[in-house]
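Residue-level listing of the chains:
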Amino acid sequence: AVNQPYGTTNANNLFFSGIPIGFNFIVDGQVNTVFGINSRGYLMVGNNSLNMKVTPATNPISGKVSATVISALGGYLCQTNASRIHYSTLGTAPNRILAVQFDNMARRYSMNNDSLSFQIRLYEGSNKIQFIYHKLSVLKQGADQYFEIGIRGIDSSNYSNRRLTGNWENSS
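Fair warning: this is a prediction, and the values are worked out from it, not measured in the lab.

Trainee: Got a sec to walk through the overall build of the protein? Specific residues and values, please.
Mentor: Secondary structure summary: the protein contains 0 helices and 13 strands in total. Going through the 172 residues of the protein one by one, you find that 48% of them count as buried. When the accessible surface of the protein is split by element, carbon and sulfur atoms take 47% of a total near 8,100 Å².

Right under this line is the structure:
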């Protein structure tokens, strides 16, 4: 599928699941053929992505979930009238790339001041995961806002995460 749009309205915590990846993608030893998109800046892959409930919803890596999570800027993101989430499968077998684009997202409490655009790419064959950040403007965080960037397996003890609570230099 090419350029499939998801979520083009003012909203937060929208999720779309059961979307075909277009190829087998292996994470944590599991072969995955479907994924889900959460408007809060992350993907879930595999059959467990059909239930995209994360508790709390702003903690895609450290929260409670039984699915593989890939988070480029997971946190309290919302969509504005200028926001758009879409995906494309690029290339041909055996070198396809699933690209999921988040355009002009905003933090919940500063919807008129933010413009956060980024992409998550999954690579066929190599099973590489890539985060690409386009423009991240007005990325100043309040005390109650942070982002999680990383990957988590189905087993909650298998993860790699950066938690951003201010300047990137101070992430942990």
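Trainee: So what's going on with the nonpolar core? Which residues, and what values?
Mentor: Formed by 25 residues in total, the largest nonpolar core has its most connected members in Phe35, Ile37, Leu98, Val100 and Phe102. Those elements that provide at least two residues to this core are β3 (15-27), β4 (30-38), β5 (42-45), β6 (68-75), β8 (84-90), β9 (97-107), β10 (115-123) and β12 (147-152). Looking at this core element by element, the count peaks at 5 residues for β3. By size, the runner-up hydrophobic cluster in this structure holds 6 residues, among which are Met44, Val65, Ala67 and Val69.

Trainee: Outline the environment of Tyr87, supporting the account with residue identities and numerical values.
Mentor: By the element assignment, Tyr87 lies in strand β8. Along the chain, Tyr87 and Phe102 lie 15 residues apart, while their C-alpha atoms are 8.9 Å from each other.

Trainee: Explain the packing of aromatic side chains to me, using residue names and the numbers behind them.
Mentor: If you walk through the whole model with that rule in mind, you get 3 aromatic pairs. Plain terms: the ring middles of Phe102 and Phe118 are 4.7 Å apart, the flat faces sit at 15 degrees to each other, and that makes the pair stacked. Here Phe118 lies in strand β10 and Phe102 lies in strand β9, a separation of 16 residues in the sequence. Neither Phe102 nor Phe118 differs from the other in exposure class; each is buried. For the ring pair Phe118 and Tyr133, a centre distance of 6.4 Å and an interplane angle of 40 degrees mean the geometry is tilted. Linking Phe118 in strand β10 with Tyr133 in strand β11 (residues 129-137), this pair joins segments that are 15 residues apart in sequence. Classification of Phe118 as buried rests on a relative accessible area of 0%.

Trainee: Kindly report on the environment of Gly75, identifying the contributing residues and their values.
Mentor: If you trace the backbone, Gly75 turns up in strand β6. On the basis of relative accessibility, which here comes to 0%, the residue Gly75 falls in the buried class. Residues Gly75 and Glu148, 73 residues apart in the sequence, show an inter-C-alpha distance of 6.4 Å.

Trainee: So what's going on with the side chain of Ser117? Residues and values would help.
Mentor: Along the chain, Ser117 turns up in strand β10. With a relative accessible area of 4%, Ser117 lands in the buried category. In this structure the side chain of Ser117 is engaged in a polar contact, spanning 2.9 Å, whose partner is the backbone nitrogen of Asn104. Look past the residues within four positions of Ser117 in its chain and what remains in contact with it is Gln101, Phe102, Asp103, Asn104, Tyr133, His134, Lys135 and Leu136.

Trainee: Kindly report on the pattern of salt bridges, identifying the contributing residues and their values.
Mentor: On inspection of all chains with the given rule, the structure shows 1 salt bridge. Arg96 is paired through a salt bridge with Glu124; the nearest N and O atoms lie 2.8 Å apart. Of this pair, Arg96 sits in the loop between β8 and β9 while Glu124 sits in the loop between β10 and β11, and the two are 28 residues apart along the sequence. Of the residues examined, Arg96 reaches a relative accessible area of 21% and is grouped as partly exposed. For Glu124, a relative accessible area of 14% puts it in the buried group.

The rules behind each value
- Residues numbered from 1 in each chain as written.
- Predicted model: local features only at pLDDT ≥ 70, side-chain atom pairs only at ≥ 80, totals over all residues.
- Heavy atoms only, no water.
- Helix = DSSP H or I, 4+ residues; strand = E, 2+ residues; numbered from the N terminus.
- Buried < 20%, exposed > 50% of the residue type's maximum accessible area, 1.4 Å probe, protein only.
- Areas by Shrake-Rupley, 256 points an atom, 1.4 Å probe, with all protein chains shown as cover.
- Core = buried A, V, L, I, M, F, W, Y, C linked by side-chain atoms within 4.5 Å.
- Phe/Tyr/Trp six-rings, centres within 6.5 Å; stacked < 30°, edge-to-face > 60°.
- Polar contact = N/O pair within 3.5 Å; in protein donor to acceptor, adjacent residues only side chain to side chain.
- Contact = heavy atoms within 4.5 Å.
- Salt bridge = Lys/Arg side-chain N within 4 Å of Asp/Glu carboxyl O.

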